[in-house]
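# Coordinate inspection notes
Next come the chains, spelled out residue by residue.
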Amino acid sequence: MTSILSSDYCYEVSLDLPVVRKFTKQWRLAFATIYSSRAITTSAKITKKFPRKSPSDTLISIHDSAQSASSDQSCSFRIDPSQLTKLVKEKDLGHLLEFGGVKKVASTLQTDVSAGISGDPDDVSRRQTAFGINSYKKPPAKGFFHFVFEAFKDLTIMILLVCAGLSLGFGIKEKGVKEGWYDGGSIFVAVFLVIAVSAVSNYRQNRQFEKLSRVSGNILIDVIRKGRWQQVSIFEIVVGDVVCMKIGDQVPADGLFLEGHSLQVDESSMTGESDHVEVNSNRNPFLFSGTKVADGYAQMLVTSVGMNTMWGEMMSSISRDNSEQTPLQARLNKLTSSIGKVGLAVAFLVLMVLLIRYFTGNTEDENGNRGFIAGQTTGDDIINSVVSIITAAVTIVVVTIPEGLPLAVTLTLAYSMKRMMADQAMVRKLSACETMGSATTICTDKTGTLTMNQMKVMKFWVGRDSVAENIYSRVSNFVLDLIRDGVALNTTGSVYRPSSRSEYEFFGSPTEKAILSWAVSQLSMDMEKIKKSCEVIQVEAFNSRKKRSGVLLKKNTDDTVHVHWKGAAEMLLAMCSSFYDGSGIVKDLDKDERMRFEQIIQGMAASSLRCIAFAHKQVSEEATKEEEDGEKIQDDGLTLLGLVGIKDPCRPGVRSAVQACLDAGVNIKMITGDNIFTAKAIAAECGILRLRDDAFNGAIVEGAEFRSYTPEERLQRVEKIRVMARSSPFDKLLMVQCLKLKSHVVAVTGDGTNDALALKEADIGLSMGIQGTEVAKESSDIVILDDNFASVVTVLRWGRCVYNNIQKFIQFQLTVNVAALVINFVAAVSSGDVPLTAVQLLWVNLIMDTLGALALATERPTRELMEKPPVGRTEPLITNVMWRNLVAQAAYQMAVLLTLQFKGESIFGVDEAVKRTVIFNAFVLCQVFIEFNTRKLEKKNVFEGIHRNKLFLGIIFMTVVLQVVMVEFLKRFADTERLSWGQWGTCLGIAAASWPIGWVVKCIPVPDTSIFSYLGLKSKKLVRKIVQRVQ
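Residues numbered from 1 in each chain as written. Predicted model: local features only at pLDDT ≥ 70, side-chain atom pairs only at ≥ 80, totals over all residues. Heavy atoms only, no water.

### Brief notes about the overall build of the chain
When helices and strands are tallied, the chain shows 38 helices and 28 strands. Classification of the 1031 residues of the chain by burial places 52% in the buried group. Put simply, of all contacts in the chain between residues at least 6 apart along the chain, 72% involve residues at least 24 apart. Here the chain has roughly 47500 Å² of accessible surface; of this, 56% comes from carbon and sulfur atoms. (Helix = DSSP H or I, 4+ residues; strand = E, 2+ residues; numbered from the N terminus. Buried < 20%, exposed > 50% of the residue type's maximum accessible area, 1.4 Å probe, protein only. Contact = heavy atoms within 4.5 Å. Areas by Shrake-Rupley, 256 points an atom, 1.4 Å probe, with all protein chains shown as cover.)

### Here we look at the pairing of strand β5 (residues 242–245)
Every second residue of β5 is oriented toward a common face, with V242 and C244 on one face and V243 and M245 on the other, all of them buried. The pairing of strand β3 (residues 220–225) with β5 spans 2 bridges and is classified as antiparallel. Along β5, the bridge assignment pairs V223 with V243. Taken together, the 4 bridges between β5 and strand β9 (residues 292–304) define a ladder with antiparallel strand orientation. Of the residues in β9, the one forming a bridge with V243 is M300. (Pairing = 2+ DSSP bridges.)

### Regarding the nonpolar core
By size, the foremost hydrophobic cluster in this structure holds 83 residues, and its most contacted members are F920 and F923. Beyond its immediate chain neighbours, meaning those up to four positions away, F923 contacts V816, A819, A820, I823, L836, V844, Q893 and L897. Counting residues in hydrophobic clusters, the runner-up holds 62 residues, among them V427, A432, A657 and I668. (Core = buried A, V, L, I, M, F, W, Y, C linked by side-chain atoms within 4.5 Å.)

### With respect to empty space enclosed by the protein
Vacant regions in the atomic arrangement are exposed by a probe of water-molecule size rolled over the atoms. The tally for this structure, following the rule as stated, stands at 5 cavities of 30 Å³ or more. By volume, the largest cavity amounts to about 80 Å³. Contributing to the lining of the largest cavity are Q811, N885, A888, Q889, I930, N933, T934, G998, V1001 and K1002. Breaking the lining of the largest cavity down by element, the ones donating at least two residues are α32 (880–908), α33 (912–934) and α37 (994–1001). Across the lining of the largest cavity, the residue classes break down as 3 nonpolar, 6 polar and 1 charged. (1 Å grid on protein atoms, 1.4 Å probe; cavity = no way out; pocket = protein on both sides within 12 Å on 5 of 7 lines; lining within 4 Å. Points joined across faces, edges and corners; volume = space filled by probe spheres on them. Nonpolar A, V, L, I, M, F, W, Y, C, P; charged D, E, K, R; others polar.)

### Describing the environment of E719
By the secondary structure assignment, E719 is in the loop between α26 (711–717) and β25 (723–725). On the basis of relative accessibility, which here comes to 41%, the residue E719 falls in the partly exposed class. Once the C-alpha coordinates of E719 and K742 are considered, the two residues, 23 residues apart in sequence, prove to be 8.6 Å apart. Filtering out sequence-adjacent residues up to four positions away, E719 remains in contact with K669, K742 and H744.

### Let's talk about the pattern of salt bridges
If you walk through the whole model with that rule in mind, you get 30 salt bridges. The closest approach of N and O atoms between K971 and E977, which form a salt bridge, is 3.6 Å. Through salt bridges that share partners, E905, E912, K915 and R916 make up one connected network. (Salt bridge = Lys/Arg side-chain N within 4 Å of Asp/Glu carboxyl O.)

### A few points about the UniProt feature "transmembrane region" (unreviewed entry) in the chain
Summarizing the sequence annotation, UniProt attributes the feature "transmembrane region" (unreviewed entry) to residues 155–172, 184–203, 339–359, 389–415, 814–832, 838–857 and 951–969 in the numbering used throughout. Taken end to end, residues 184–203 comprises 100% helix and 0% strand; its first and last C-alpha atoms sit 28 Å apart. Along residues 339–359, the helical share is 100% and the strand share 0%, with 30 Å between the first and last C-alpha atoms. (UniProt positions renumbered as here; feature names shortened; annotations may be inferred.)

### Details of the packing of aromatic side chains
Following the criterion strictly, the structure yields 20 aromatic pairs and no others. A centroid spacing of 6.3 Å and a plane angle of 25 degrees characterise the contact between Y504 and F506, whose relative ring orientation is stacked. Clustering of aromatic rings is evident, with ring pairs tying together F929, F932, F943, F952 and W995. The side chain of R717 reaches across the aromatic face of Y709, ending 4.5 Å from its centre. (Phe/Tyr/Trp six-rings, centres within 6.5 Å; stacked < 30°, edge-to-face > 60°. Lys NZ or Arg CZ within 6 Å of the ring centre and 35° of its normal.)

### Focus on a positive patch on the surface
A cluster of basic side chains, namely R204, K211, K418, R419 and R860, defines a positive patch on the protein surface. The set of elements that each furnish at least two residues to the positive patch consists of α10 (182–216) and α15 (404–422). Positionally, K418 belongs in helix α15. K418 sits in the exposed class, given a relative accessible area of 52%. (Patch = residues over 30% accessible without salt bridge, like charges linked within 9 Å, V, L, I, M, F, W, Y side chains within 5 Å. Lys, Arg positive; Asp, Glu negative; His and termini not counted. Charge placed at Lys NZ, Arg CZ, Asp CG, Glu CD.)

### What about the pairing of strand β18 (residues 561–568)?
Two faces, one strand: in a regular strand the side chains alternate between the faces of the sheet. In terms of residue burial, β18 counts as a mostly covered element, since 8 of its 8 residues are buried. The pairing of strand β17 (residues 548–555) with β18 spans 7 bridges and is antiparallel. Paired with R548 across the bridge in β18 is G567. Counting the residues between successive antiparallel strands, the hairpin from β17 to β18 contains 5 residues, one of them, D559, with a positive phi of roughly 60 degrees. Where β18 meets strand β21 (residues 609–619), 8 bridges bridge the pair, whose relative direction is antiparallel. Paired with W565 across the strands is A615, a residue of β21.

### Observations regarding the sheet that holds strand β24 (residues 700–702)
The sheet built from 8 strands is open, its strands ordered β10-β28-β27-β26-β11-β23-β25-β24 with mixed pairing. Edge positions in the sheet fall to β10 (425–427) and β24, since each of these pairs with one other strand and no more. The mean inter-strand angle of the sheet, taken between neighbouring strand axes irrespective of direction, is 20 degrees. In this sheet, strand β27 (residues 764–768) lies alongside strand β26 (residues 746–750) in parallel orientation, the contact comprising 4 bridges. When the sheet's bridge partners are listed, G750 is paired in β27 with S767. Set on the sheet, helix α27 (residues 729–741) makes contact with β11 (441–444), β23 (667–671), β25 and β26; between it and β26 the angle comes to about 170 degrees. (Axes fitted to C-alpha atoms, helices over the stretch in contact; angles between N-to-C directions.)

### A short note on the environment of V467
Within the element layout of this structure, V467 appears in the loop between β13 (465–466) and α17 (477–489). Looking at V467, the relative accessible area reads 12%, which means it is buried. A C-alpha to C-alpha distance of 9.0 Å links V467 and G582, two positions 115 residues apart in sequence. Contacts of V467, omitting those with residues within four sequence positions, involve F460, V462, Y472 and V475.

### Details of the packing of helix α30 (residues 789–831) against α33
Relative to each other, α30 and α33 sit at 155 degrees, their axes nearing to 10 Å. The angle between α30 and α33 falls in the class roughly antiparallel. When you trace α30 past α33, the crossing you get is right-handed. Mapping the contact onto sequence places K808, Q811, F812, T815, V816, A819, A820 and I823 in α30 and F923, Q927, I930, E931 and T934 in α33. Class assignment of the residues belonging to the contact of α30 with α33 gives a composition of 7 nonpolar, 4 polar and 2 charged. (Parallel < 35°, antiparallel > 145°, perpendicular 65-115°, else oblique. Left-handed = near helix turned anticlockwise from the far one by under 90°.)

### Structural notes on the state of the cysteines
Going through the model one piece at a time under the given rule, you end up with 0 disulfides. C686 supplies the cysteine sulfur nearest to C650, a cysteine that is in no disulfide, at a spacing of 3.5 Å. (Disulfide = S-S within 2.5 Å.)

### Description of the side chain of K566
One can find K566 in strand β18. Contact partners of K566, with chain neighbours within four places excluded, come to N490, T491, E512, I515, R548, S549, L572, I612, A613 and F614.

### Brief notes about α30
The terminal C-alpha atoms of α30 lie 63 Å apart, and with 43 residues this matches the ideal 63 Å at 1.5 Å per residue to within 8%. Among the 43 residues that make up α30, 34 are buried, leaving the element largely enclosed by the rest of the structure. (Expected span 1.5 Å × (residues − 1).)

### What about the packing of helix α36 (residues 981–992) against α37?
The interhelical angle for the contact between α36 and α37, taken along N-to-C directions, is 10 degrees, at an axis separation of 5 Å. Taken together, the axes of α36 and α37 are roughly parallel relative to one another. Listed contacts from α37 to I990, A991 and A992 of α36 are S994, W995 and P996. Here the contact of α36 with α37 is composed, by residue class, of 5 nonpolar, 1 polar and no charged.

Below, the structure is given as structure tokens:
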């Protein structure tokens, strides 16, 4: 190796000669000084002499001074990052072979292919400096002023600002700056306050969604560092890492295939091609970030990370859109549009009435004079009066249009997402939050969801004999050796022991870890020794469809070729024609013997044990040639080696969680790959099966049987099924489709790659955060972080809470809307006077839309939510209960406030200004008291659990304080007068009356069927009668 250095350049030439690296610092400095003048000419000569395209002969890296910090790092790895990145991206197999293959690249990256990198902080930092970090540049997040600008784009806000500007201009012109700015200026301040609060709320929620997005992208990757398997964040992967991948994993970076078997990769996310690509060491060793492992397993050497990968380049140009609209938001937008049209019509009528009254001389100014006299009123006065009228009409539109509905949905979804994250559920799609509240059926896995996923081998059978612990010496060593070979070589797990005195560490799936732990502790298996004594020729990886895995291997000692299978006991038993007994003698597996083994398997299954079988067969050397021709591993005529029973205890609290679902009217169906006896035992233990449920009444069924039904039979029987055993992912998909055809809202749990179709088909897909593959997680709507069924119930509870909170806010908003509209309209038509000014209405709008949404949208789930049946797909948003509550409260407000409008001066003996202030104050306080009523739509005790909602109490307190400030201290701004203690008491009394009214109204029973459905039926009957008479 020759290095030619200067202050600006670094040349490195690899000549495949012995490398001398023990240079002293002084020698290097002297060398650099002497040869710096020859740097450029030497560069030209070296480039001609050693072509860049032959990395095995030549490697030249030229770095300018701007890259001096990273040049030392990249030089230390003796490889040019850009050339390495290009080699993988272009799948340049020729240059890879010229360089020396994958193992030469690994040594150049200072990676031990079996032990990985050291992984200490200094090594990781050095690699990140030289090759970059594993993250991509995201488009800049939307800033605060983006949301301010969005709020300004609202048409009604723009009209109000124009009116405020005109009012400000005319006021200053008429009364001077000191007195004339109040009317227009107060509207400006009120509008800007509404905009600011709206922008802040939207900005905060956007930041919350961005944060959740980052969390969802933080995938844990299996790597080998210091010879040990460990999990690191995808963002901590560095060039040189050895990554371990299995079915369903996402490839975390660009890299090269080191070792593995039957690796099939889904590159559709990169190329759009649906066909899987085979990756191996001979023809195609190239792996790309963002692709998925479809089959097999492998170890990969990372060569490029972050922005140097194809995935990084693509993702950096894609902006993540957080403006996903949920079904509930779409329904609310329709409701908002309908209410807005009503408000627009009322505002237009008010505008016409006020304009007609003004120009016909039926209005008076504040001094009691006619507002308009033809030929005498100046143009400025006319324009100023018209602007005031338009402002009043537009403000009615602002109050009527419930902009708070979308905000309330956003707030409650964001709040519930944050809380669900703390409750071990990460929401990937917003719509799932609300849809989960309507779920009628949950199809759940068994392993890891209902059970703890902490497996241990409890039983071991060889032949017809059960072998107790510590007496395995009675079993033939020949049989035990074959079992050790099958365990050590037919696995995706691994065993690690740092030193002879330390404990063993096991890696892999819970089932693999249980079997490896048993083999090491009970059979004294030496995994490394066995691996060195055999050569693996072909592997068939386990998946949930086949329920078995196989390996074809060649022993180095005698060159014999063997097949080992491991998997579901009854399936492997069907593949066997003989078995070994405890002494190592091969016996035929006739009908009677087969029945005895089936009884052994059923006995273990009835004890809630998962039964795994091991089988073996010695084959001819022709099997290796068949492998080269793409033939599958032989799976017939096998000899049964033994059976193990693995215990996976139920999770604590799962029975109560299942019961909570049943009480809430949600059906639970367990879909598992285990045999029917294990499935029945676990389902009974969890409370899914009742005492009388069995296969005869259709509660228990096997996947193959369900698959064999006709479509009509499936639809007829699907609702009775509680347990489906020996199911495949296709059976789960069929189950979901049938339930949806029966109008069920279906939630499905899944963890495997093959579950992706069922997760997508379901209304709510729930993937498992621990055992779930990345394919399953990407296909799901919610990730259950702890794989616990109790967390699924938590998601159900939060889903119902979201829907319930939205209904509360709708009732609150419509009550205020109806009251404000009717009061203003009646007053305007009858007297030509609007009792609530523009600024006052904007303040009411702020209370309703933002503070009201915050107060009501952040209520936590309550116990009674799980005591109601699920909400159907077509259930109306505004129920009969809500109509009853809001009509009663709105009618009360209209009656009292209109009485004050027409008779207030004589009742209280006050002037016009004080009367208007009393109306405004009483109206606002009514809304404060109604917020308490709205906390419980049906329950009479509206104060239950209120002490736990600190945010609600804080918002109520803040609203009251601000209202006092508005009335008592902002006279010019709010157009109010100070009130006496007696007048404040009267306002509070009027508002407080809404509590007993609410209590009495809730005593009135209402039918469950929507009022509008009755109206629809009556109208249909009327039409029929008319048609009959005409005929």
